[in-house]
Structures are given as C-alpha cells and as structure tokens.
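A closer look at the structure
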Amino acid sequence: MARIAVDALGGDRAPDEVVAGALEAAADGIEIVLYGPAGLDTRGLELVEAPDRIEMAEKPAEAVRAKPDSSLVAAVRAVGRGEADAVISAGNTGAILAAGLLHLRRLPGVFRPAIAVPIPARTGVSVLIDAGANADSRPEHLVQFASMGSIFAEEILGRTNPTVRLLSIGEEPEKGDQMTIETHELLRDSPSVNFEGNAEGRDLLVGTADVIVTGGFTGNLALKLLEGTIGELLDALRTEIASTPRGKLGGLLIRPAARRLRTRLDPDTYGGAYLLGLKGLAVIAHGNSGRRAVANAIRLSARGVEHRVVERLAERLPVYDRRASGPAPNTMR
C-alpha cells in the first residue's frame, strides 16, 4: 500500500478541498497522511503537524529556507526521510521544486528535474515535458527531458518504444530559435530516444507523439493556453446549449458524448503532473484543484509508486556529461 504525504495547505482551495480529495482517494485503499496545522479537521485521516504555509506569491527558494515547518516542506521532507512513498501538493510550484532539490536531491546524472504532464490527445494520453520546472534550459537538458519522458511513457502509459517530438514553430529541422535548432540536432543523433522530428502547438491534442519535449518556459505557456482554451470551449458549449429550447433538446441527445469529452479533456481527470529527476516521487497538482483533482493527483502518485518510476529512471536514464548541467534551475512559479 502506497503511503502518500499530502500538503493540506497547498492550493487556492485548501484545506477543505484537499481534505475532501484525500478522503476520496483513501477510499481506494491508499494510505494518506496530511501535513497541516494542529486542529485541522482531517475527518479521521492521519495528521502530522506543520503550522506554516507557503503562499503562491512567495519567492520559492527563500520561502523553503524560511519556513522549514511549512506543510509543503514537511510533506516533501517526509519522502526524503522514508516516512512516505510520495508527496503531492497544489501549492507553489517553485517551492515544491526547491524543497525537492533540498530534501530529495537529484538522481545521479540528472541536470535538472522536469515536470511531465499528461496531455489528453485524440489518440490517447501523451506527455508534455518540461511543463514549467525550469524557466531557462539548454539543448542538453531537453535531450535528457526527452529520455525521462520516454521512460515515463513506457512505465506509466505502457508505450513500447515511445515516439518523441520537439515542440517548435514548424516541422522543418531549421525552424525555431537557436536552442530549438540545436536541440533538434542532438535529439536526431541520440540513441536513447525514438525521435520523429518537430511538432507544432496545434499538434498537442492530436497525439502526434507519445512525448512532446520543450523548455519549461514554452511548455508552461503551452500547457496553460491549452487548459484555458479547453475550459472556455467546454463552458461556451454548455452556455449555447442552454440558451434556447432547441439547444436544450439537442443537449439531451448529445449529453453522454459531451460528458465523455469533458472527462477526457478536463485537467482534473489527471489531477497533476510528475516532477521527474529527483530521488523521491513528487506530484504537483493544479493550484485551483478541487477535491476531484486532489483525489486523482493522489491516485497518480500511488501509480508512480506502484510502477517504481523513480527506480526506473535511476536504472535506465542514460549518463550525460555533467558539465552540461549549467547553473541551478531558475524555476517557474
């Protein structure tokens, strides 16, 4: 049974929605321990006292150092100490990364951790990596992200020899900025990934590859644009259907299909994203996560424990030249 440390104060809707989501996941047989202030109503779940809270607007590294007893840091530290198998938080992304680097540390040979996000593509779930752990990256880093994403796709998504594409502004190898062009050349010559060329932003929901690799800045922009567009389109469709009697009648006929579509495209279905490249398993949930998203993020972390994602990365990740690591990560928030 996986034991998951949950940051009870992380996110815009904490702690009530976090506790409710944790209860939902606990009904599946997942062992959960909440980290939060004394007196928090956990409705029967185990609580480890962690009185402080790291706010979304705080500077990540400074906040982690200044608030060692915060719920976020305490939950991450529990994984580092072997008191939990994985941690999930809907809090400050940069702080999760900073706490992970401090208390979990990087796997040997890893330049920088990267966020791997499931994307609900037409042909099945694909992986976008990096989705925001690093604001600045180098071509060598993206090659390693591609390797981590490929291992993730094999272990979690069950893909054999997963395909990889590089997010760019065109399919041609010469399209993109200098980093993208250099990354394309390195990926093309890399024996560790099944590289099939560039992909454009419009390809993200098509399923053009099992893994889409990009730098954290571009990946975060693409992810938020995608999520925002999906949300607006689904809401607009619901509004239009309800606006006329004929629309309401048609809505009854398409309701089953509409529900399936919403379930497939809704970010809450996946709940969160893996932070890959650390010696412990961490899952980052959306900042506005409700109980369903929190529950699914916990389930996602439990699957990662079951599939031994960290161990698989440690065993299979190719060894890269450490001189390519560059300075410490400049994290997104």
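Residues numbered from 1 in each chain as written. Predicted model: local features only at pLDDT ≥ 70, side-chain atom pairs only at ≥ 80, totals over all residues. Heavy atoms only, no water.

**Remarks on empty space enclosed by the protein**
Empty space among the atoms becomes apparent when a probe as large as a water molecule is rolled across them. With the rule as written, the count across this model stands at one cavity of 30 Å³ or more. For the largest cavity, the full set of lining residues is V6, D7, G10, V18, I88, S89, A90 and V294. If you list the elements that add at least two residues to the lining of the largest cavity, you get β1 (3-7) and β4 (86-89). Residue composition of the lining of the largest cavity, by class: five nonpolar, two polar and one charged. (1 Å grid on protein atoms, 1.4 Å probe; cavity = no way out; pocket = protein on both sides within 12 Å on 5 of 7 lines; lining within 4 Å. Points joined across faces, edges and corners; volume = space filled by probe spheres on them. Helix = DSSP H or I, 4+ residues; strand = E, 2+ residues; numbered from the N terminus. Nonpolar A, V, L, I, M, F, W, Y, C, P; charged D, E, K, R; others polar.)

**A few points about the packing of aromatic side chains**
Here the distance between the centres and the angle between the planes together describe a pair of aromatic rings. Under the counting rule described, the total for this entry stands at one aromatic pair. Between F152 and Y274 the ring centres are 5.2 Å apart and the planes differ by 65°, which places this aromatic pair in the edge-to-face class. Linking F152 in helix α5 (residues 139-155) with Y274 in strand β10 (residues 272-276), this pair joins segments that are 122 residues apart in sequence. Its relative accessible area of 0% is what places Y274 among the buried residues. (Phe/Tyr/Trp six-rings, centres within 6.5 Å; stacked < 30°, edge-to-face > 60°. Buried < 20%, exposed > 50% of the residue type's maximum accessible area, 1.4 Å probe, protein only.)

**Side note on the nonpolar core**
Counting 54 residues, the largest nonpolar core has I32, I129, V213, L276 and I298 as its most contacted members. Looking at this core element by element, the count peaks at eight residues for α5. Setting aside residues up to four positions removed in sequence, I129 forms contacts with A114, I115, A116, F145, M148, G149, V211, I212, V213, T214 and L276. (Core = buried A, V, L, I, M, F, W, Y, C linked by side-chain atoms within 4.5 Å. Contact = heavy atoms within 4.5 Å.)

**So, the pairing of β1**
Counting buried positions along β1 yields five of five residues, so the element is predominantly enclosed. Across the two faces of β1 the burial is the same, with R3, A5 and D7 and I4 and V6 all buried. A crossover connection joins β1 to the parallel strand β2 (residues 31-36) through helix α1 (residues 16-26); in handedness this β-α-β unit is right-handed. The sheet contact formed by β1 and β4 spans three bridges and is parallel. Along β4, the bridge assignment pairs I4 with A86. (Right-handed = clockwise from strand over helix to strand, strands pointing away. Pairing = 2+ DSSP bridges.)

**Re the side chain of R165**
In this structure, R165 sits in strand β7 (residues 163-167). One polar contact links R165 to T208, side chain to side chain, over a distance of 3.2 Å. With near-sequence residues (within four places) excluded, R165 lies in contact with F195, E196, G197, N198, A199, T208, A209, V211, I212 and V213. (Polar contact = N/O pair within 3.5 Å; in protein donor to acceptor, adjacent residues only side chain to side chain.)

Shape descriptors only; they carry no functional weight alone.
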